[in-house]
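A look at the structure
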Amino acid sequence: MATATFHQSIVSFASPSSTISQCGFKIDSSLSFTSKKINFCKIKAMASVSYNNTLLSPSKTIPDNSLKKSNEAALILIRHGESLWNEKNLFTGCVDVPLTEKGVEEAIEAGKRISNIPVDVIFTSSLIRAQMTAMLAMIQHRRKKVPIILHDESEQAKTWSQVFSDETKNQSIPVIPAWQLNERMYGELQGLNKQETAERYGKQQVHEWRRSYDIPPPKGESLEMCAERAVAYFQDNIEPKLAAGKNVMIAAHGNSLRSIIMYLDKLTCQEVISLELSTGIPLLYIFKEGKFMKRGSPVGPTEAGVYAYTKRLAQYRQKLEEDSEVICS
Ligand SMILES: O=C(O)[C@H](O)COP(=O)(O)O
């Protein structure tokens, strides 16, 4: 019987779609950024220093950490599929509503698009729409590892969710929920209809609440406030995984992802205003030598552009093809 628990082996590492449209980029090199007090009007990407790495070991047959040797890692971002409140055009924020049928289909479609890209660890918000999206997407993955949500809300939850087989652990992907990746808290707008709110307060006011960088909705979080917790979490918990060669998927929300993309792409607070993320569309980045390179959204599992970009990704895909040929023959 294995002595290390599944939970221990994967948690000890951390101290712990659609389309994307962006306004013209004008990168201000004076921007600076820290995980303590985030000021996007002064952004400077922070190099990660923590290289803690005790995730599940990769399979012998398919190197899920195949990007590791070249010090590269894939980062996939997915905004959750359509939720029941997206469908009703209600401000949702931190209210925990599930996906619609369309949202389920979007998540499955997103999974198909990334089914040939390695994923070693998944981060989601603590909200069900992001978790459903991550799970549904991973069911489509060619590697067929089982995504398992880690429960560290109490010692008992950790103990009761232990896995005692190394082989089973090797065939699993840890899913780490984090409230810091939740949607921005929409304050007193939560549950209100977006159209009716615009009619009541004026389009301009509602646009400011929804898209300005530093103006919060009544009793809610501005994008800046959301970024303070989402980007700090990304820097402290996700970047170290990427730096250690782990391929990461994040399933989260329109605004928590907008703030993370602002950091990755070094957008100014003006530029982020016009950044819109559709539901259920995966976005791929390659992390290499401390830098994030945007690869856009894979349109399908065999899209040449995505795999041509790094030799390691192409090799991973090739290996998946070969393995499925062996299984079929
Ligand atoms: O919380 C919500 O209502 C949506 O997920 C995001 O809304 P937004 O487009 O108004 O930011």
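Owing to the predicted nature of the structure, the values given are computational and were not obtained by experimental measurement.

Brief notes about helix α10 (residues 254-264)
Count 3.6 residues to each turn of an α-helix, and residues three or four apart come out pointing the same way. Within α10, 11 of the 11 residues are buried, leaving the element largely enclosed by the surrounding structure. Those residues of α10 lying buried are G254, N255, S256, L257, R258, S259, I260, I261, M262, Y263 and L264. Of the residues one or two after α10, K266 is the one with positive phi, at around 55°.

Structural notes on the UniProt feature "site: Transition state stabilizer" (unreviewed entry) in the chain
When the UniProt feature table is mapped onto this chain numbering, "site: Transition state stabilizer" (unreviewed entry) sits at H253. In this structure, H253 sits in the loop between β6 (248-252) and α10. We classify H253 as buried; its relative accessible area is 0%. The residues touching H253, leaving out its near neighbours within four places in the chain, are R79, H80, S125, L127, R129, A130, L181, N182, E183 and R258. Reaching out from H253, the side chain makes a polar contact with the side chain of S125 at a distance of 2.7 Å.

Topic: the site of the ligand
Taken together, R79, L90, F91, T92, G93, E183, Y186, K194, R210, R211 and N255 make up all the residues around the ligand. R79 is positioned with one of its side-chain polar atoms (N or O) 3.5 Å from an oxygen atom of the ligand. One nitrogen or oxygen atom from the side chain of N255 is found 2.8 Å from an oxygen atom belonging to the ligand. Spatially, the ligand is embedded in the largest pocket. Counted by class, the shell around the ligand contains three nonpolar, three polar and five charged residues.

Overview of the pattern of salt bridges
Here the idea is simple: oppositely charged side chains can pair when their charged atoms come close. All told, the structure shown has 11 salt bridges when counted by the stated rule. A salt bridge links D166 to K169; its shortest N-O distance comes to 3.2 Å. Taken together, the positions of D166 and K169, both in helix α6 (residues 166-170) and three residues apart, correspond to about one turn of that helix. According to the relative accessible area criterion, K169 is buried, its value standing at 4%. With a closest N to O distance of 2.9 Å, E276 and R211 form a salt bridge. Of this pair, E276 sits in strand β7 (residues 276-277) while R211 sits in helix α8 (residues 203-211); the two residues are 65 residues apart in sequence, bridging distant segments of the chain. When salt bridges that share partners are traced, they join R142, R317 and E321 into one network.

Examining the packing of aromatic side chains
Counted according to the given criterion, the structure contains six aromatic pairs. Aromatic side chains Y201 and W209 sit 5.2 Å apart centroid to centroid with 65° between the ring planes, which places their arrangement in the edge-to-face category. Judged by relative accessible area, which is 40%, Y201 ranks as partly exposed. Assessed through its relative accessible area of 8%, W209 is described here as buried. Ring geometry for F234 and F292: centres 5.8 Å apart, planes at 55°, overall tilted. A residue pair is termed long-range when its members are at least 10 positions apart, and F234 in helix α9 (residues 223-243) and F292 in strand β9 (residues 291-296) qualify at 58 residues.

Some remarks on the layout of surface pockets
Estimated volume of the largest pocket: approximately 330 Å³. R79, N86, K194, R210 and R211 are the residues nearest the centre of the largest pocket, which is lined by 21 residues in total. Sorting the residues of the lining of the largest pocket by element identifies α8, α10 and β7 as the ones contributing at least two each. In terms of residues, the lining of the largest pocket owes the most to one element, α10, which gives three residues.

A few points about the nonpolar core
Grouped together as the largest cluster of nonpolar side chains are 37 residues, with contacts concentrated most on L75, L77, F123, F234, L242, I250 and L264. Contributions of two or more residues to this core are made by β2 (72-79), β3 (121-124), α9, β6, α10 and β8 (282-288). The leading source of residues in this core is α9, at nine residues. Leave out the neighbours within four places in its chain, and L75 touches F234, L242, V248, I250, L264, L283, L284, Y285 and F292. The next biggest cluster of nonpolar side chains, apart from the first, holds 20 residues, and it includes I78, V175, I286 and L313.

Reading the values: rules and limits
- Residues numbered from 1 in each chain as written.
- Predicted model: local features only at pLDDT ≥ 70, side-chain atom pairs only at ≥ 80, totals over all residues.
- Heavy atoms only, no water.
- Buried < 20%, exposed > 50% of the residue type's maximum accessible area, 1.4 Å probe, protein only.
- Helix = DSSP H or I, 4+ residues; strand = E, 2+ residues; numbered from the N terminus.
- UniProt positions renumbered as here; feature names shortened; annotations may be inferred.
- Contact = heavy atoms within 4.5 Å.
- Polar contact = N/O pair within 3.5 Å; in protein donor to acceptor, adjacent residues only side chain to side chain.
- Near = heavy atom within 4 Å.
- 1 Å grid on protein atoms, 1.4 Å probe; cavity = no way out; pocket = protein on both sides within 12 Å on 5 of 7 lines; lining within 4 Å.
- Sits in = over half its atoms within 2 Å of the grid points.
- Nonpolar A, V, L, I, M, F, W, Y, C, P; charged D, E, K, R; others polar.
- Salt bridge = Lys/Arg side-chain N within 4 Å of Asp/Glu carboxyl O.
- Phe/Tyr/Trp six-rings, centres within 6.5 Å; stacked < 30°, edge-to-face > 60°.
- Points joined across faces, edges and corners; volume = space filled by probe spheres on them.
- Core = buried A, V, L, I, M, F, W, Y, C linked by side-chain atoms within 4.5 Å.

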